[in-house]
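Fold and contact review
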Amino acid sequence: MSDQKTSCFITFEGGDGAGKSTQLERTASWLRDQGVSVFETRQPGSTKLGQELRYLLLSGDYTPVPEAELLMFLADRAQHVRDVIQPALNAGKWVLCDRYTDSTMAYQLAARKLSMNADLEPMLRFAEIGCQPDLTFWLSLPTEVAAIRMRKREEEGEEATRLDKESLEFHQRVHQAFASITQRFPERIKKIDASASVDTVTQQIITHLDPLLLWI
Ligand code: TYD
């Protein structure tokens, strides 16, 4: 939890195609209607350094080895925490962040199998610089359904990133990993059924936020 009572750090997690970005925007708008001062951000790519890292990681022009990929996501996070997230929390804002450490656990540690031979969790904590989410929404969607949504987005002209193009098995490992992370941290992470309609998904999220409004 951040050091000011009025602030709150909320992260949105899930596989590609789960609809996180839409739900983050809708949640931000609902919170603003309740009088909350909200700051929306995402990883990777929300600082000047982060924009370069995002390009290196996702454009497909480079193929970082799994170890390098992990270190670049962590570098993006550390820069983002110090430059953006911590200052916003210190200013009393509610920070809504599209992806955070759980994504690294799911994509790099689990799906890339980096955690098989090493305990990398201390590195994850190091990159967070003490900034851990108060609440996390895992937008859960079966991998096959997500793949159909991703194909549709591509047909509509949205460019797929290097990670979007990973195999179905890779995305299945990501999904499995989010499921086990959610079991590990049941207090912090709320599973949301992302296969429901956009309005129903937002409603599920709001149900968890209502009690938090007592903070402000
Ligand atoms: P983005 O275009 O932001 O996709 P999405 O809308 O699905 O979030 O791409 C971010 C990609 O980076 C996504 O495929 C997940 C991946 N990622 C990691 O592999 N590890 C991480 O730590 C983070 C933050 C993201």
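No experiment lies behind these values; they were computed from the predicted model shown. (Residues numbered from 1 in each chain as written. Predicted model: local features only at pLDDT ≥ 70, side-chain atom pairs only at ≥ 80, totals over all residues. Heavy atoms only, no water.)

Our next topic: the side chain of Glu128. Locating Glu128 in the fold gives a position in helix α5 (residues 121–128). On the accessibility criterion, Glu128 (3% relative accessible area) is buried. There is a polar contact of 2.9 Å between the side chain of Glu128 and the side chain of Arg125. The contacts of Glu128, once residues within four sequence positions are left out, are Arg77, Val81, Tyr100 and Thr101. (Helix = DSSP H or I, 4+ residues; strand = E, 2+ residues; numbered from the N terminus. Buried < 20%, exposed > 50% of the residue type's maximum accessible area, 1.4 Å probe, protein only. Polar contact = N/O pair within 3.5 Å; in protein donor to acceptor, adjacent residues only side chain to side chain. Contact = heavy atoms within 4.5 Å.)

Here the focus is the pairing of strand β1 (residues 8–13). The element β1 is largely enclosed, with a buried count of six among its six residues. With four bridges connecting them, β1 and strand β4 (residues 135–140) associate as parallel partners. Looking at the pairing, Glu13 lines up with Trp138 of β4. (Pairing = 2+ DSSP bridges.)

Let's shift gears to the site of the ligand. Around the ligand, 15 residues are found, and the nearest of them are Asp16, Lys20, Arg99, Thr104 and Gln108. Arg77 is positioned such that a nitrogen or oxygen atom in its side chain is 3.2 Å from an oxygen atom of the ligand. Interatomic distance of 2.6 Å between a side-chain N/O atom of Thr104 and an oxygen atom of the ligand. Its free accessible area being 550 Å², the ligand has 91% of it covered by the protein chains. Elements represented by at least two residues in the shell around the ligand include exactly α2 (48–58), α3 (66–90) and α4 (101–111). The greatest single-element share of the shell around the ligand, amounting to four residues, is contributed by α4. Here the shell around the ligand is built from residues that sort into five nonpolar, five polar and five charged. (Near = heavy atom within 4 Å. Areas by Shrake-Rupley, 256 points an atom, 1.4 Å probe, with all protein chains shown as cover. Nonpolar A, V, L, I, M, F, W, Y, C, P; charged D, E, K, R; others polar.)

The next thing to look at is the packing of α4 against helix α7 (residues 168–184). Contact pair α4 / α7: the axes reach a minimum separation of 9 Å and the direction vectors enclose 125°. The orientation of α4 relative to α7 falls into the category oblique. Viewed along their axes, α4 and α7 form a crossing whose handedness is right-handed. Within the contact between the two elements, α4 uses Asp102, Ser103, Met105, Ala106, Tyr107, Ala110 and Ala111 and α7 uses Phe170, Arg173, Val174, Ala177, Phe178, Ile181 and Arg184. Along the lines of polarity and charge, the residues of the contact of α4 with α7 split into ten nonpolar, one polar and three charged. (Axes fitted to C-alpha atoms, helices over the stretch in contact; angles between N-to-C directions. Parallel < 35°, antiparallel > 145°, perpendicular 65-115°, else oblique. Left-handed = near helix turned anticlockwise from the far one by under 90°.)

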